[in-house]
Amino acid sequence: PARLRSRLCCDCPVPRGGDPSVVDSDSMNQAGSQVGLRTVLTALARAEVDFVVCGGVACIAHGVARTTADVDCCVRLEDSNLRRLIGSLKPLGFRLRAPEPIDALADATRRSAWIAEKGATVATLVSEQTPIQVDVFLRYPIAFEELVRDATRIDIAGVPIRISSKPHLIQAKR
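What comes next concerns the included structure.

Scoring rules and cut-offs
Residues numbered from 1 in each chain as written. Predicted model: local features only at pLDDT ≥ 70, side-chain atom pairs only at ≥ 80, totals over all residues. Heavy atoms only, no water. Helix = DSSP H or I, 4+ residues; strand = E, 2+ residues; numbered from the N terminus. Buried < 20%, exposed > 50% of the residue type's maximum accessible area, 1.4 Å probe, protein only. Areas by Shrake-Rupley, 256 points an atom, 1.4 Å probe, with all protein chains shown as cover. Phe/Tyr/Trp six-rings, centres within 6.5 Å; stacked < 30°, edge-to-face > 60°. Disulfide = S-S within 2.5 Å. Core = buried A, V, L, I, M, F, W, Y, C linked by side-chain atoms within 4.5 Å. Contact = heavy atoms within 4.5 Å. Salt bridge = Lys/Arg side-chain N within 4 Å of Asp/Glu carboxyl O.

Broken down by element type, the protein chain carries seven helices and nine strands. Across the 174 residues that make up the protein chain, the buried fraction comes to 47%. When the accessible surface of the protein chain is split by element, carbon and sulfur atoms take 49% of a total near 8700 Å².

Pasting the structure below:
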């Protein structure tokens, strides 16, 4: 519909002259925070975690004027990839917000139970070192391979990061 074409995602209007370079900063830190957005994203990429940034941060990267305090990531849900994710975020103080050890994220049986028993769609990771939380999708309305194929690539501190395409951001919100 015309209304959806005039919006990028989250019912946020597409801005005139938005600045997607804001994603390449740690400016989302609150005073005293040690870990910023750039740190989180580059840690994931340097650990070779297979992921695509979705949600608010992807909207910002595409130029939408909005704020967000979380990083929505669609990741390849394979044990080895999730172990790399855990290994990259654990040193930054991240843990599951749910009362489970962070290593449970790499356990397919436990992930399935979170979905079936609690209706979970994301596993939220939090850290005392930052107000930024990382939401790892346990299920997503678009196949991971399709997200990767159509993703936009941006460089953050010289590290390539995949960002969900505009059409996929819109599709995911339907």
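One pair of aromatic rings is described through two measures. These are the centre distance and the angle between the planes. For the structure shown, the criterion picks out one aromatic pair. Both rings, one in Phe-137 and one in Tyr-140, keep their centres 4.6 Å apart while their planes meet at 70°; by these two values the pair is edge-to-face. For Phe-137, a relative accessible area of 16% corresponds to the buried category. Judged by its relative accessible area of 17%, Tyr-140 falls in the buried class.

Scanning all chains against the criterion turns up zero disulfides. Looking at Cys-54, it has no disulfide partner, and the nearest cysteine sulfur is the one in Cys-74, 5.2 Å off. Free of any disulfide, Cys-73 has its nearest cysteine sulfur in Cys-54, 7.4 Å distant.

This part is about the nonpolar core. Core analysis: the largest hydrophobic core is formed by 42 residues, its most contacted members being Phe-51, Val-53, Leu-85, Leu-89, Leu-105, Leu-125 and Ile-161. Taken together, the elements giving at least two residues each to this core come down to α2 (37-46), β3 (51-54), α3 (55-61), β4 (70-75), α4 (79-89), β6 (122-127), β7 (130-137) and β9 (159-163). Setting aside anything within four residues of it in sequence, one finds Ile-161 in contact with Leu-41, Thr-42, Ala-45, Phe-51, Val-53, Thr-152, Arg-153, Ile-154 and Ile-156. With nine residues, the next largest nonpolar core counts Cys-74, Phe-137, Ile-142 and Ala-151 among its residues.

Now for the side chain of Ser-164. Position of Ser-164 among the secondary structure elements: in the loop between β9 and α7 (166-172). Those residues in contact with Ser-164 that sit more than four places away from it in its chain are Val-52, Val-53, Cys-54, Ala-58, His-62, Leu-147 and Leu-169.

Moving on, we get to α2. Of all the 10 residues making up α2, seven are buried; the element is thus mostly covered by neighbouring parts of the structure. Of all the positions in α2, only Leu-37, Val-40, Leu-41, Thr-42, Ala-43, Leu-44 and Ala-45 are classed as buried. Following α2 by one or two positions, Glu-48 adopts a phi angle in the positive range, close to 60°.

Our next topic: the pattern of salt bridges. By the definition in use, this model includes eight salt bridges. Between Asp-79 and Arg-111 there is a salt bridge, with its nearest N and O atoms 3.9 Å apart. Of this pair, Asp-79 sits in helix α4 while Arg-111 sits in helix α5 (residues 108-118); the two residues are 32 residues apart in sequence, bridging distant segments of the chain. Asp-79 sits in the partly exposed class, given a relative accessible area of 33%. Owing to a relative accessible area of 7%, Arg-111 belongs among the buried residues under this scheme.

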